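# Breakdown of the fold
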Amino acid sequence: MTTPVAADARVVALVPAAGRGVRLGAPIPKALVPVCGAPLLVHAVRGLLAAGCVDQVVVAAPPDMVDVVVDALREFGPTVRVVPGGEERSDSVRLALDEAVSTHPDTRVVLVHDAARCFTPPEVIRAVVEAVRAGAPAVIPVLPVADTVKEVDSAGHVVATPDRSRLRVVQTPQGFDIDLLRRAHDQQDAPVTDDAGLVERLGEPVATVAGHPHALKITTPFDLVIAEALFSGAQL
């Protein structure tokens, strides 16, 4: 545990949204694909701000669509900033983090959130922030694994059956002490899809809080159908 952070310490959420979302099969970047009447990204930002503990959101957009993303997020005013993203997800996180630090050097808590998890309930976001403020240097929301999981080799043969009671599905937002997140990215030696994984490489502890089934990741057309069915009547 690190020293607890002041209850009023500034919290910034980073949303790397520069990916093209090939698996979704849409002609536009995944973050701009509409679901329940608005782009995934708009729902994600709305949810972050609705939690009541996020002071600012920095979105990393596709470099050639920054103006489009700015226009899509206009309703949020100066609370949301947009920067050009990078080639890899980790590049986008780093660029958004640099923007957050340069704009507000007093930021102490940083969240990294996937736009594809756009229906994450506010209570999950608050739980992550509260855990970091309480002194956990890195925090991730998780769910137990319901299915039996098999480890297979390159030929597709089963080599092990992990004990699922020790396995968890990881969601976002992931929360960090800002100094730890910067150190983790400064020492990154390969692209990653999980910022907590960078922290693990440093040998630092990663705490967990309860996730929520509604924080599902929208990756495929099937996921879009599920989200529409679940949330079309929700007030987010």
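First things first, this report covers the structure right here in the doc.

Reading the values: rules and limits
Residues numbered from 1 in each chain as written. Predicted model: local features only at pLDDT ≥ 70, side-chain atom pairs only at ≥ 80, totals over all residues. Heavy atoms only, no water. Core = buried A, V, L, I, M, F, W, Y, C linked by side-chain atoms within 4.5 Å. Buried < 20%, exposed > 50% of the residue type's maximum accessible area, 1.4 Å probe, protein only. Helix = DSSP H or I, 4+ residues; strand = E, 2+ residues; numbered from the N terminus. Contact = heavy atoms within 4.5 Å. 1 Å grid on protein atoms, 1.4 Å probe; cavity = no way out; pocket = protein on both sides within 12 Å on 5 of 7 lines; lining within 4 Å. Points joined across faces, edges and corners; volume = space filled by probe spheres on them. Nonpolar A, V, L, I, M, F, W, Y, C, P; charged D, E, K, R; others polar. Axes fitted to C-alpha atoms, helices over the stretch in contact; angles between N-to-C directions. Parallel < 35°, antiparallel > 145°, perpendicular 65-115°, else oblique. Left-handed = near helix turned anticlockwise from the far one by under 90°. Salt bridge = Lys/Arg side-chain N within 4 Å of Asp/Glu carboxyl O.

With 48 residues, the main nonpolar core has Leu-41, Val-57, Val-59, Leu-73 and Leu-111 as its most contacted residues. Elements with a contribution of two residues or more to this core: strand E1 (10-16), helix H1 (40-50), strand E4 (56-61), helix H2 (66-72), strand E5 (80-84), strand E6 (107-112), helix H4 (122-133) and helix H7 (221-231). Considering every element that reaches this core, the biggest residue donor is H1, with six residues. Sequence-distant contacts of Val-59, defined by excluding residues within four places in its chain, comprise Val-15, Ala-17, Leu-41, Val-45, Val-69, Leu-73, Val-80, Arg-81, Val-82 and Val-83. Core analysis: the second largest hydrophobic core is formed by 21 residues, Ala-100, Leu-180, Leu-181 and Val-199 among them.

Another point: the layout of surface pockets. By volume, the largest pocket amounts to about 780 Å³. Around the largest pocket, the lining is made up of 33 residues, and of these Pro-16, Gly-19, Lys-30, Arg-89 and Lys-217 lie nearest the centre. Its residues assigned to classes, the lining of the largest pocket comprises 13 nonpolar, nine polar and eleven charged.

At a closest axis distance of 11 Å, the pairing of helix H3 (residues 89-103) and helix H5 (residues 178-186) adopts a crossing angle of 140°. Looking at the two axes, H3 sits oblique to H5. In the packing of H3 onto H5, the handedness of the crossing is left-handed. Along the contact surface, H3 presents Ser-90, Val-93, Arg-94, Leu-97 and Val-101, while H5 presents Ile-178, Leu-181, Arg-182 and His-185. Its residues placed into classes, the contact of H3 with H5 shows five nonpolar, two polar and two charged.

Quick look at the pattern of salt bridges now. One pass over the full model with this rule turns up ten salt bridges. For Glu-75, the salt bridge identified is with Arg-46, shortest N-O distance 3.2 Å. Placement of Glu-75 in the loop between H2 and E5 and of Arg-46 in helix H1 is noted, with a sequence separation of 29 residues between them. Since its relative accessible area comes to 53%, Glu-75 is described here as exposed. Since its relative accessible area comes to 25%, Arg-46 is described here as partly exposed. A salt bridge links Asp-195 to Arg-89; the shortest N-O distance between them is 2.8 Å. In this pair, Asp-195 sits in helix H6 (residues 195-201) while Arg-89 sits in helix H3, placing the two residues 106 residues apart along the sequence. Salt bridges here are not isolated pairs; linked through shared partners, they connect Arg-89, Asp-114, Arg-117 and Asp-195.

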